[in-house]
Amino acid sequence: MIGKKILVLGGDGFCGWPTALHLSSIGHDVTILDNLSRRRIDLELGIRSLTPIEPIDVRVEAWEEVSGKRIDYAVIDIARDYQEFADFLEELRPDTIVHFAEQRAAPYSMRGAKEKRYTVDNNMAATHNVLVALTELGLDSHLVHLGTMGVYGYSGAGFELPEGYLPVEVTDDEGQRHKRDILYPTNPGSVYHLTKSLDQLLFQFYANNDKMRITDLHQGIVWGTQTRETRRHPALVNRFDYDGEYGTVLNRFLVESAVGHPLTVHGTGGQTRAFINIQDTVRCVELAVNNPPEAGSPVKILNQVAETLEVKELAQLVSTLTGAEIAYVPNPRREAEANDLNVSNRHLRALGLDPILLAAGLLDDTLEISSRYKDRINLAKIPARTAWNEDRSHALGNDDSAGVKNGSTHPDENCPSQRAA
Ligand code: NAD
Ligand code: USQ
């Protein structure tokens, strides 16, 4: 089991970097591939990680220094440079590919025409290129993909959300009943989430047609920053996004409280979402890597979540801990004001996951990082300004909603897909 050759696509990112370190620390032979587009988006948006992140070569050197283990890396755009990627794959011949390499921010994907197109072009081509390359090269690598809970939508189904498939029964004209497991009807809430819904169809096709072994991890919102491995050296520190485009809700609340900014609850705060700590993200990927599906079986879909909470509950938790004020701000997103969410995570629990649950004490670490680096926080980048549609744009008080219809104000050459590394 131990000692697989693993390729981590998107291994320079928030989830990919600590996962690469974790898999290396437990004895796997890890290679990172990344096009560094996330670092370029920081430049494009004039933002930066709260934590100062080192260049990728410095990161892997620091890992070798503290662990004695080597992680190789390659800078390739898997969406655009198919042949370079396929040649790389043919030489490496990994047992497992862990695929994080997509544009992952919902607000960024809704900024305007350029970002919508970039997110779809990048994410669909990235995933499809991986599948095509594996097929063309005849490689039997197990593909582990990071998907999202958002593919299910947040409509409050009234029952526990299953893991990927919905059992249905149809009665034909003769009264005969037919049972089927179908992909759970998808209901994405942003262009980004839409790409994850489309990924599911690509996986279904290639698992069926080419007997590819695929695990799709439907992950909730990740909170926290550091893991056991990233704490081992300052140059290993993980990235921490807090801005209105890439910052996720709990990490944003912790940063906001560190600088005395009111906690920005969108709308009523009745949105219920699924959460998981970054330490559990890396553990879940380990479990998925160790438990591939059989060739010829359907895509193995696991819900990678620890618990569900309402946004206003999160704000209350942080406020109680830090004394921060809570501000109920107009919601820039088109989403239900309140929803139920009851999610099964039976598979990962059965494989041994004992998830970290949110409790005030567990926020200390992230709170400490937020305070330590608070001088790096740009207050102007905290508000979430990207409106989902014209109606939401008006609710935000944007006089000119043209930006919503016509795309963002930044020029083409600023899109990370269109700039040289
Ligand atoms: P991230 O943006 O920090 O990391 C993604 C990495 O992929 C970046 O380093 C980026 O440079 C790279 N990348 C993007 N397109 C690429 C391409 N065409 N070729 C090569 N590299 C490319 O995002 P993250 O938070 O680490 O998320 C990783 C994955 O996990 C995403 O697919 C995301 O949808 C999923 N996920 C994240 C969360 C979360 O809360 N962060 C929750 C659920 C699912
Ligand atoms: N929200 C606030 N205040 C904020 C920021 C967000 O109230 O300051 C609200 C949003 O309106 C939303 C909820 O918090 O209702 C979650 O927003 P988020 O930005 O934390 O998470 P989301 O956009 O859903 O995306 C993140 C990751 C994405 C991943 C997804 C998992 O960026 O890659 O797929 O979480 S899930 O939400 O389960 O689909």
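> Give a description of the overall build of the protein that names residues and reports values.
Of regular secondary structure, the protein possesses 14 helices and 14 strands. Computed over the C-alpha atoms, the radius of gyration of the protein is 21 Å, within 12% of the 22 Å expected from 2.2 N^0.38 for a compact globule of 421 residues. Seen through its principal axes, the protein has C-alpha atoms that stretch 65 × 55 × 45 Å. Per-residue burial for the protein yields a buried fraction of 56% across its 421 residues. Entry remark: accessible area of the protein is about 17,500 Å², with carbon and sulfur atoms responsible for 48%.

> Go over the site of ligand 2 with me, naming the residues and quoting the values.
Close to ligand 2 lie 23 residues; Thr148, Tyr154, Tyr192, Thr264 and Glu335 are nearest. Between an oxygen atom of ligand 2 and a side-chain N or O atom of His193, the distance comes to 3.1 Å. Here an oxygen atom of ligand 2 sits 2.8 Å away from a polar atom, N or O, in the side chain of His266. Within the complex, the protein chains bury 96% of what would otherwise be the 740 Å² of accessible surface of ligand 2. For the shell around ligand 2, the secondary-structure elements that each account for two or more residues are helix 7 (191–209), helix 8 (249–258) and strand 10 (263–266).

> Residue-level account of the packing of helix 6 (residues 113–137) against helix 7, with values.
Two elements in contact, helix 6 and helix 7, have axes separated by 9 Å at closest approach and are oriented at 20°. What the angle tells us is that helix 6 and helix 7 run roughly parallel. Where helix 6 crosses over helix 7, the handedness of that crossing is right-handed. Residues Lys116, Thr119, Val120, Asn123, Met124, Thr127, His128, Leu131, Val132 and Thr135 of helix 6 lie in contact with helix 7, whose contacting residues are Val191, Tyr192, Thr195, Leu198, Asp199, Leu202, Phe203 and Tyr206. Classifying every residue of the contact of helix 6 with helix 7 by side-chain character gives 10 nonpolar, six polar and two charged.

> Describe in detail the packing of helix 1 (residues 16–25) against helix 9 (residues 278–290), supporting the description with residues and values.
Close contact between helix 1 and helix 9 brings their axes to 9 Å; oriented N to C, the two are set at 55°. Judged by the inter-axis angle, helix 1 sits oblique to helix 9. Helix 1 and helix 9 meet at a crossing whose hand is right-handed. Residues Pro18, Thr19, His22 and Leu23 of helix 1 pack against Ile278, Thr281, Val282, Val285 and Glu286 of helix 9. Looking at the contact of helix 1 with helix 9 residue by residue, the classes come out as five nonpolar, three polar and one charged.

> Report on the site of ligand 1, specifying residues and quantitative values.
With respect to spatial proximity, 28 residues lie near ligand 1, and among them Cys15, Asp34, Asn122, Tyr192 and Lys196 are the closest. Phe100 places a main-chain nitrogen or oxygen 3.4 Å from an oxygen atom of ligand 1. Val222 places a main-chain nitrogen or oxygen 3.0 Å from an oxygen atom of ligand 1. Burial of ligand 1 by the surrounding chains reaches 97%, relative to a free accessible area of 830 Å². Listed by contribution, the elements that provide at least two residues to the shell around ligand 1 are helix 2 (37–45), strand 5 (142–148), helix 7 and strand 9 (221–223). Of the residues that constitute the shell around ligand 1, the class distribution is 12 nonpolar, eight polar and eight charged.

> A description of empty space enclosed by the protein should follow, citing residues and the corresponding values.
Regions of empty space are outlined by a rolling probe, equal in size to a water molecule, passed over the atoms. Tallying each qualifying case throughout the model produces one cavity of 30 Å³ or more. Approximately 30 Å³ is the volume attributed to the largest cavity. Tyr165, Leu183, Gln200, Phe203, Gln204, Asp216, Val299 and Ile301 are the residues that line the largest cavity. The element contributing the most residues to the lining of the largest cavity is helix 7, with three residues. A class-by-class count of the residues in the lining of the largest cavity yields five nonpolar, two polar and one charged.

> Before we move on, could you go through the sheet that holds strand 1 (residues 5–9) and cite the residues and values that matter?
Two modes of strand pairing occur in sheets, parallel and antiparallel, and in both the strands are linked by backbone hydrogen bonds. In spatial order, the strands read 3-2-1-4-5-8-12; together these seven strands make up an open sheet with parallel pairing. Here the strands that pair on one side only, and so sit at the sheet edges, are strand 3 (72–75) and strand 12 (300–304). Shown here is a sheet whose adjacent strand axes are inclined to one another by a mean of 20°, direction ignored. For strand 2 (residues 29–34) and strand 3, the ladder comprises four bridges, and the chain directions are parallel. Following the sheet pairing, Thr31 is matched in strand 3 by Asp72. Its contacts with the sheet put helix 1 on strand 1, strand 2 and strand 4 (96–99), and the angle it makes with strand 2 is roughly 165°.

> Describe the environment of Val98, with residues and values.
Mapping Val98 onto the fold places it in strand 4. Val98 sits in the buried class, given a relative accessible area of 0%. Along the sequence, Val98 and Lys312 sit 214 residues apart, while their C-alpha atoms lie 33 Å from each other.

> Any chance you could break down the pattern of salt bridges for me, citing the residues and the numbers?
What the rule picks out here adds up to 22 salt bridges. With a shortest N-O distance of 2.9 Å, Arg239 and Asp42 are connected by a salt bridge. Taken together, the residues Arg239 in the loop between strand 9 and helix 8 and Asp42 in helix 2 connect sequence positions 197 residues apart. Taking relative accessible area as the criterion, Arg239 reaches 2% and is therefore assigned buried. For Asp42, a relative accessible area of 7% corresponds to the buried category. With its nearest N and O atoms 3.5 Å apart, the salt bridge here joins Glu115 to Arg111. For Glu115, a relative accessible area of 0% corresponds to the buried category. In the salt-bridge network here, residues are joined through shared partners; they are Arg38, Asp42, Arg104, Arg239 and Asp241.

Criteria and cut-off values
- Within each chain, residues carry numbers counting from 1 in the order of the written sequence.
- Think of it this way: whatever chain is written first is A, whatever ligand is written first is 1, and the rest follow in order.
- This being a predicted model, a pLDDT of at least 70 is required before a residue's local features are given, and a value of 80 or more before pairs of side-chain atoms are given or counted; all residues contribute to the totals for chains, interfaces and linings.
- Each side-chain value is worked out from all heavy atoms of the structure, with water and hydrogens disregarded.
- Going along the chain from the N terminus, every DSSP run of H or I of four or more residues is numbered as a helix, and every run of E of two or more is numbered as a strand.
- Here the globule rule reads 2.2 Å times residues to the power 0.38, and the radius of gyration is calculated from C-alpha atoms.
- Relative accessibility thresholds used throughout: buried, under 20% of the residue-type maximum; exposed, over 50%; partly exposed, between the two (1.4 Å probe, protein chains only).
- Every accessible area reported is derived by Shrake-Rupley at a probe size of 1.4 Å, with residue values counting cover from the shown protein chains alone.
- The nearness test applies per residue and asks whether one of its heavy atoms lies within 4 Å of the molecule or strand.
- Within 3.5 Å is the distance limit for a polar contact, defined as a pair of N or O atoms, with the added protein rule that one can donate a hydrogen and the other accept it, and that residues adjacent in sequence qualify only through two side-chain atoms.
- Lines fitted to C-alpha atoms define the axes here, with helix axes fitted over just the stretch in contact, and angles between the N-to-C directions of these axes take values from 0 to 180 degrees.
- Roughly parallel here means an angle under 35 degrees, roughly antiparallel means over 145, roughly perpendicular means 65 to 115, and every remaining angle is called oblique.
- Throughout, a crossing is termed right-handed when the near helix is turned clockwise from the far one, and left-handed when it is turned anticlockwise from it by less than a right angle.
- Any two residues having at least one pair of non-hydrogen atoms within 4.5 Å are treated as being in contact.
- Under this grouping Gly is polar, as are all residues other than the nonpolar Ala, Val, Leu, Ile, Met, Phe, Trp, Tyr, Cys and Pro and the charged Asp, Glu, Lys and Arg.
- In this analysis a 1.4 Å probe is tested at points of a 1 Å grid over the protein atoms alone, and where it fits but cannot get out there is a cavity; an open set with protein on both sides within 12 Å along at least five of seven lines is a pocket; lining residues have an atom within 4 Å of a point.
- Grid points are joined across faces, edges and corners, and a volume is the space filled by probe spheres set on the points.
- At least two bridges found by DSSP between two strands is the condition for calling them paired.
- By convention in these notes, a salt bridge is any Lys or Arg side-chain nitrogen within 4 Å of a carboxyl oxygen on Asp or Glu.

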